[in-house]
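Structure at a glance
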Amino acid sequence: EAAVTQSPRNKVAVTGGKVTLSCNQTNNHNNMYWYRQDTGHGLRLIHYSYGAGSTEKGDIPDGYKASRPSQENFSLILELATPSQTSVYFCASGDARTGGARDTQYFGPGTRLLVL
Amino acid sequence: GDSVTQTEGLVTLTKGLPVMLNCTYQTTYSPFLFWYVQHLNEAPKLLLKSSTDNKRTEHQGFYATLHKSSSSFHLQKSSVQLSDSALYFCALRPLSGSFNKLTFGAGTRLAVCP
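Below you will find a few notes about this structure. On a predicted model such as this, the values are computed, not experimentally measured, just so you know.

1. Observations concerning the overall build of chain A
- The helix and strand tally for chain A stands at 0 helices and 11 strands.
- In summary, chain A has a C-alpha radius of gyration of 14 Å against a globular reference of 13 Å for 116 residues, a match within 12%.
- Over its C-alpha atoms, taken along the principal directions, chain A stretches across nearly 45 × 30 × 25 Å.
- In chain A, buried positions account for 51% of the 116 residues.
- Accessible area for chain A stands at about 5,200 Å²; split by element, carbon and sulfur atoms hold 50% of it.
- For chain A, the separation between the mean place of its 11 positive charges and that of its 9 negative charges on side chains is 6 Å.

2. Section: the environment of B:Cys90
Residue and element names in this part refer to chain B.
- With respect to the helices and strands, Cys 90 occurs in strand 10 (residues 86-94).
- Each C-alpha atom of the pair Cys 90 and Gly 61 lies 17 Å from the other, and the pair is 29 residues apart in sequence.
- In contact with Cys 90, not counting residues within four places along its chain, are Val 4, Gln 6, Cys 23, Leu 33, Phe 34, Trp 35, Thr 103, Phe 104 and Gly 105.

3. Examining the interface of chain B and chain A
- Residue-level contacts link 21 residues of chain B with 27 residues of chain A.
- Buried surface at the junction of chain B and chain A, summed over both partners, amounts to about 1,800 Å²; 56% is from carbon and sulfur atoms.
- Linking A:Asp59 and B:Lys101 is a salt bridge whose minimum nitrogen-to-oxygen distance equals 3.3 Å.
- Seen at the junction of chain B and chain A, the total is 4 residue pairs in polar contact (both at pLDDT 80 or more).
- The leading source of residues in the side of chain B that touches chain A is strand 5 (residues 31-38) of chain B, at 4 residues.

4. With respect to the sheet that holds strand 8 (residues 62-65) of chain B
All names here are of chain B.
- What the 4 strands build is an open sheet, ordered 3-9-8-7; its pairing is antiparallel. Where the open sheet ends on each side, the last strands, each with one partner, are strand 3 (19-21) and strand 7 (56-59). Each strand of the sheet is rotated relative to its neighbour by a mean of 20°, with strand direction disregarded.
- Judged from the 4 bridges that link them, strand 7 and strand 8 form a sheet pairing that is antiparallel.

5. What to know about the pattern of salt bridges
Residues and elements named next belong to chain A.
- Taken as a whole and judged by the stated rule, the model has 6 salt bridges over all chains.
- For Asp 38, the salt bridge goes to Arg 44, with nearest N and O atoms at 2.9 Å.
- What makes Arg 44 partly exposed here is its relative accessible area of 24%.
- Here the salt bridges do not stand alone but share partners, grouping Arg 36, Asp 38 and Arg 44 into one network.

6. Observations regarding the sheet that holds strand 3 (residues 19-25) of chain A
Residue and element names in this part refer to chain A.
- With antiparallel pairing, 4 strands are arranged side by side in an open sheet as 1-3-8-7. Edge positions in the open sheet fall to strand 1 (4-7) and strand 7 (65-67), since each of these has one partner strand only. The average angle at which neighbouring strand axes cross in this sheet is 20°, direction not considered.
- With 3 bridges connecting them, strand 7 and strand 8 (residues 73-78) associate as antiparallel partners.

7. Section: unusual backbone geometry
- For the bond from A:Ser7 to A:Pro8, the omega torsion is -10°, close enough to zero to count as cis.
- One non-glycine residue, B:Asn41, lies in the positive phi region at around 60°.
- As for its position among the elements, B:Asn41 is in the loop between strand 5 and strand 6 (45-50).
- Here B:Asn41 falls in the exposed class, since its relative accessible area comes to 58%.

8. Some points on the state of the cysteines
Residue and element names in this part refer to chain B.
- Counted under the stated rule, the structure contains 2 disulfides over all chains.
- Here Cys 23 is linked by a disulfide to Cys 90, with a sulfur-sulfur distance of 1.9 Å. Since a negative S-S torsion denotes a left-handed disulfide, the Cys 23-Cys 90 link at about -60° is left-handed. Here Cys 23, found in the loop between strand 3 and strand 4 (24-26), pairs with Cys 90, found in strand 10; they are 67 residues apart in sequence, far enough to count as distant.

Cut-offs used in this document
Along each chain, numbering runs from 1 in the same order as the chain's sequence is written. Chains and ligands are labelled by the order in which they are written, letters from A for the one and numbers from 1 for the other. Reporting of local features is limited, given that this is a predicted model, to residues whose pLDDT is at least 70; pairs of side-chain atoms are given and counted only at 80 or more, and all residues count toward the totals for whole chains, interfaces and linings. The side-chain numbers reported here are obtained from all heavy atoms of the structure, hydrogens and water having been left aside. We count a stretch as a helix when DSSP gives it H or I for four or more residues in a row; a strand needs E for two or more, and each element gets its number in order from the N terminus. A radius of gyration in this sense is built from C-alpha atoms; the matching globule rule multiplies 2.2 Å by the number of residues raised to 0.38. Each residue is assigned to one of three classes by its accessible area relative to the maximum for its type, calculated with a 1.4 Å probe on protein chains only: buried under 20%, partly exposed between the two thresholds, exposed over 50%. All accessible areas in this document rest on Shrake-Rupley with a 1.4 Å probe, and a residue is counted as covered only by the protein chains that are shown. His is not counted here, nor are the chain ends, while Lys and Arg score as positive and Asp and Glu score as negative. The location of each charge is read from NZ of Lys, CZ of Arg, CG of Asp or CD of Glu. Contact between two residues is taken to exist if any of their heavy atoms lie within 4.5 Å; hydrogens are not considered. By convention, the term buried area covers the 1.4 Å-probe accessible surface removed from two parts as they join, with the contributions of both added. One speaks of a salt bridge when a side-chain nitrogen belonging to Lys or Arg is within 4 Å of a carboxyl oxygen belonging to Asp or Glu. As used in this structure description, the phrase polar contact means that two N or O atoms lie within 3.5 Å; if the pair is within protein, one of them must be able to donate a hydrogen and the other to accept it, and residues adjacent in sequence are counted only when both atoms belong to side chains. By this definition, two strands are paired if DSSP reports at least two bridges between them. Each axis is a line fitted through C-alpha atoms, taken for helices only over the stretch in contact, and angles between the N-to-C directions span 0 to 180 degrees. Two cysteine sulfurs form what is called a disulfide whenever their separation falls within 2.5 Å.

Honestly, that's just the spatial picture; any functional story needs more than this.
Encoded structure:
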């Protein structure tokens, strides 16, 4: 099965501090995604990427930046963390092509972020 | 824009009973619908998916049929087990030829009691 890992798994940050969440995938997928999960909202897309060097804004990008330095790695950056960014963050990867198993997104285990 | 509605936040059932979790969607493009399942403290995983109108798709005892006429993709199971307790997300991908981007519903938590 496809493998997506995230680090750290848990993070406590202070308001105004910088937070970097990292994601690595060994699936050789072109597409990668960052979501946040909050009760009552499901999974909401923050940023996504078509491949190394590309980042695109998702549905809720404000307060977040992303970086895709390589095919395998995709980071989410909170330059000035706020308590409203307390959430569980999931990274996912997926094939850029369509059809059959290639339409599936594979999720990492999540990072639980608490901003005090 | 695209949207997915899951009307039940929590469904509580006794083991062995049937279940239906509702999912309706809105999109201007031809739809591709997914159900993802997330067990406690785990990552969401694909349960089943379909882009074919009026064709039942099944996996692990769960099944769903995409009905474009009513914009629905309800998830069903004839007899729930304790292990089915989880959070279930319905998701939509419009087949517009653009990026593979999913829009998720708010999720329905299924709690199965002994």
